[in-house]
Amino acid sequence: MKQIRPAAVAGAFYTGDPRSLAGEVAAMLEEAEQHMEKSATLPKAVIVPHAGYIYSGPVAASAYALLEQGRNIYRRVVLLGPVHRVPVRGLALPSTEAFATPLGVVPLDLDAMAKIAGLPQVVEYDAAHALEHSLEVQLPFLQTVLDDFKLVPLAVGDVTPQEVAEVLERLWGGPETLIVISSDLSHFLTYREAQQIDSTTAQAILDLRWPVSHEQACGGTPVNGLLLAAQHHHLKPRLLNLRNSGDTAGDKSRVVGYGAFAFTEEPADVH
């Protein structure tokens, strides 16, 4: 019997009913596609938010709609998100072999996980994954836009951007490997304050300028690791969507910011 990490936030961050969930995700992707600028180059990496779908789902869908073009290309998803409930030193892998959602079971890429298991900053720690939503909420989107993929889930705690970038480097691969960074932006500011701060943060990401602080993005650590790797690999970032909970389903007096970004590998100059 495979060890499976069950869905922990189905029924809270998103509906636990499979049919309703499939319909909601499809509707958000369809809406995002209507505003999408198509690109001939598939993203190597994306940054997406991780709140309840009613709040951040439409923003996340702006990135996932782009990934549908790679449905048969992406075979490995390296997914990094910050820990919210259980602190950890380093980047935590689970001991399980799969993650479940109401849409089915996602197998883990055990070979890829073995490649990074020997790094000192990588630990095996199921407690960091058990109740963590930052990774789980991405899975129904991935299950919808990709056909056949394996997952490398990393719950990111106290670690440096350089240590995150080293892990990404080991798993970089080719077109078959997609990197997904899960992060919201500012938290609990007024609508106008959030717009100003999130705009500044978005520009820093577009400039590949780090460090992005944890006040700017709760997933600042994995975001910074990606920005460092993106500099090294000459990735080109693009802003796909920038909104906050006051724009989607929330009160404008106290909002959380959400951004969706895509990073593409630029073809080498031919002389």
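Being a predicted model, the structure only gives us computed values, none of them experimental. (Residues numbered from 1 in each chain as written. Predicted model: local features only at pLDDT ≥ 70, side-chain atom pairs only at ≥ 80, totals over all residues. Heavy atoms only, no water.)

1. Brief notes about the sheet that holds strand S5 (residues 98-101)
Note: strands within a sheet are paired through backbone hydrogen bonds, in either parallel or antiparallel orientation.
Moving on, step 1. Across the sheet, three strands lie side by side as S1-S5-S6; this open sheet has mixed pairing. Sheet topology places strand S1 (4-5) and strand S6 (104-107) at the edges, where each strand pairs with a single neighbour.
Moving on, step 2. One ladder, built from two bridges, connects S1 with S5; its direction is parallel. Within S5, the position partnered with isoleucine 4 by the bridge is alanine 98. (Pairing = 2+ DSSP bridges. Helix = DSSP H or I, 4+ residues; strand = E, 2+ residues; numbered from the N terminus.)

2. With respect to the pattern of salt bridges
If charged atoms from side chains of opposite charge come close, those side chains can pair.
Moving on, step 1. Under the defined criterion, the tally for this structure stands at seven salt bridges.
Moving on, step 2. A salt bridge links glutamate 176 to arginine 76; the nearest nitrogen and oxygen atoms lie 3.9 Å apart. Here the residue glutamate 176 occupies a position in the loop between helix H7 (161-171) and strand S9 (177-182), and arginine 76 occupies one in strand S3 (residues 76-82), the gap between them amounting to 100 residues.
Moving on, step 3. Given a relative accessible area of 27%, glutamate 176 falls into the partly exposed group.
Moving on, step 4. Of the charged contacts, one joins arginine 89 and glutamate 163 as a salt bridge, the two residues approaching to 3.4 Å between their closest N and O atoms. Taken together, the positions of arginine 89 in the loop between S3 and strand S4 (91-93) and glutamate 163 in helix H7 put the pair 74 residues apart, joining distant regions of the chain.
Moving on, step 5. Each of Glu68, Arg71 and Asp147 takes part in one network of salt bridges that share partners. (Salt bridge = Lys/Arg side-chain N within 4 Å of Asp/Glu carboxyl O. Buried < 20%, exposed > 50% of the residue type's maximum accessible area, 1.4 Å probe, protein only.)

3. Things to note about the packing of helix H1 (residues 18-34) against helix H2 (residues 53-67)
Moving on, step 1. The interhelical angle for the contact between H1 and H2, taken along N-to-C directions, is 60°, at an axis separation of 8 Å. Here H2 runs oblique to H1, going by the angle between their axes. The interaxial crossing formed by H1 with H2 has right-handed handedness. In this structure, H1 uses Leu21, Val25, Met28, Leu29, Ala32 and Glu33 to contact H2, whose residues at the interface are Tyr53, Gly57, Pro58, Ala61, Ser62, Tyr64 and Ala65. (Axes fitted to C-alpha atoms, helices over the stretch in contact; angles between N-to-C directions. Parallel < 35°, antiparallel > 145°, perpendicular 65-115°, else oblique. Left-handed = near helix turned anticlockwise from the far one by under 90°. Contact = heavy atoms within 4.5 Å.)

Read these as spatial facts, not as claims about activity.
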